[in-house]
Amino acid sequence: MRKQIVAGNWKMNNDLSQTESLIYELKKIEKTSTAEVMVAPTFTNLYKAFESLKDTDIEVIAQNMHFAVNGAYTGEISASMLKSVGIQTVILGHSERREYFNETDEMLAKKVDAALANSMRVIFCFGEVLEDRKSGNHENVVGSQIKNALFHLDADAFKHIVLAYEPVWAIGTGETASPEQAQDMHAFIRKTLADKYGNEVADSVSILYGGSVKPNNAQEIFSKPDVDGGLIGGAALNATDFFAIVNAF
Ligand code: PGA
């Protein structure tokens, strides 16, 4: 059985006291689903969040990291630094990192390697922009994002990789891919994996959908057979909404 996962990406939101209040609210809500739950605060709040949530079943994860072990990379954070404050999972390749910070497939391949070398789990994000969707090129784009950053890995590595399909046109726009569009793309992603690594690997990798998932659309999206959960932005900043999505499973 593939893992069901709902991960909240808090992006560059919430200072320390806001982070503490959101965690306080999250802890009050009962989880009724079997999905794994994760939240990704910003770097400065990771340690505090980890300490506050370590006795719960909410995992604290990071939004990004650098590929180097250490050294002269001003402003960056390494895998071992994340591990030293308890973080075991990192989001890599978010479209905002690709767009605003020029992260390339090549750079992401190195980040994935660094995370795996440190025994971390990766939530690897990718997705097409609106023009690619309109011109019918979305599968080519997504296929090459996956191949370029991940297909140098051996099959075993996929035990530590979660994929997150996030159409860029649906992130923070209120416009979500229809459940059918999500399912079609997730099936394509699974086939892409199966063609390279075989069905056993393809069937074992969780593929999350991200892009304007809200309490009112989560259940329908999650009901699709190849959708194993969600990466949630805006709605993850409100504890009630986030848990309504978690409990939609
Ligand atoms: P959104 O963000 O839910 O606000 O669209 C999703 C994401 O960027 O992971």
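Keep in mind that what you see is a predicted model, and the values were worked out from it rather than measured.

About the criteria used
Residues numbered from 1 in each chain as written. Predicted model: local features only at pLDDT ≥ 70, side-chain atom pairs only at ≥ 80, totals over all residues. Heavy atoms only, no water. Helix = DSSP H or I, 4+ residues; strand = E, 2+ residues; numbered from the N terminus. Buried < 20%, exposed > 50% of the residue type's maximum accessible area, 1.4 Å probe, protein only. Contact = heavy atoms within 4.5 Å. Phe/Tyr/Trp six-rings, centres within 6.5 Å; stacked < 30°, edge-to-face > 60°. Lys NZ or Arg CZ within 6 Å of the ring centre and 35° of its normal. Salt bridge = Lys/Arg side-chain N within 4 Å of Asp/Glu carboxyl O. Pairing = 2+ DSSP bridges. Axes fitted to C-alpha atoms, helices over the stretch in contact; angles between N-to-C directions.

Chemist: Would you take a moment to explain the environment of Thr176 for this structure?
Modeler: For Thr176, the location among the structural elements is in the loop between β6 (161-165) and α8 (179-197). Under the relative-accessibility criterion, Thr176 is labelled partly exposed at 25%. C-alpha separation for the pair Thr176 and Glu166, spaced 10 residues apart in sequence, amounts to 9.6 Å. Filtering out sequence-adjacent residues up to four positions away, Thr176 remains in contact with Trp169, Ala170, Tyr209, Gly211, Ser212, Asn217 and Ile221.

Chemist: Sorry, what's going on with the packing of aromatic side chains here?
Modeler: What characterises a pair of aromatic rings is the spacing of the ring centres plus the angle enclosed by the ring planes. Tallying each qualifying case throughout the model produces seven aromatic pairs. Seen from their ring centres, Phe126 and Tyr165 are 6.4 Å apart, and the 35° between their planes marks the pair as tilted. With Phe126 in strand β5 (residues 121-126) and Tyr165 in strand β6, this pair connects stretches of sequence that are 39 residues apart. A ring pair is formed by Phe158 and Tyr197, whose centres lie 4.6 Å apart and whose planes are at 50°; its orientation type is tilted. With Phe158 in the loop between α7 (138-150) and β6 and Tyr197 in helix α8, the pair connects residues that are 39 residues apart, well separated along the chain. Residues Phe158 and Tyr197 agree in their burial class; the two are buried. A connected cluster of aromatic rings, assembled from ring pairs, spans Phe124, Phe126, Tyr165 and Tyr209. Across the ring face of Tyr197, the terminal group of Lys196 is positioned such that the distance to the ring centre comes to 5.8 Å.

Chemist: Explain the pattern of salt bridges here, please?
Modeler: A side chain with one charge may pair with a side chain of the opposite charge, provided their charged atoms come close. Taken as a whole and judged by the stated rule, the model has 18 salt bridges. The partner of Lys28 in a salt bridge is Glu25, with the nearest N and O atoms 3.5 Å apart. Here Lys28 pairs with Glu25, and both are found in helix α1 (residues 16-28), just three residues apart, close to one helical turn. On the accessibility criterion, Lys28 (53% relative accessible area) is exposed. By relative accessible area, Glu25 is classed as partly exposed at 34%.

Chemist: Please explain the sheet that holds strand β1 (residues 5-9) as it appears in this structure.
Modeler: Hydrogen bonding along the main chain pairs the strands of a sheet, whether they run parallel or antiparallel. Taken together, the eight strands give an open sheet; going across it, the order is β3-β2-β1-β8-β7-β6-β5-β4, and neighbouring strands pair in parallel fashion. Strands with a single pairing partner mark the edges of an open sheet, and in this sheet they are β3 (58-60) and β4 (89-92). Each neighbouring strand pair of the sheet contributes to a mean axis angle of 25°, computed without reference to strand direction. Sheet analysis places β1 next to strand β2 (residues 36-40), joined by five bridges and oriented parallel. Paired with Ile5 across the bridge in β2 is Glu36. Contacts between α8 and the sheet are confined to β5, β6 and β7 (207-210), with β7 contributing the most and set at about 145° to the helix.

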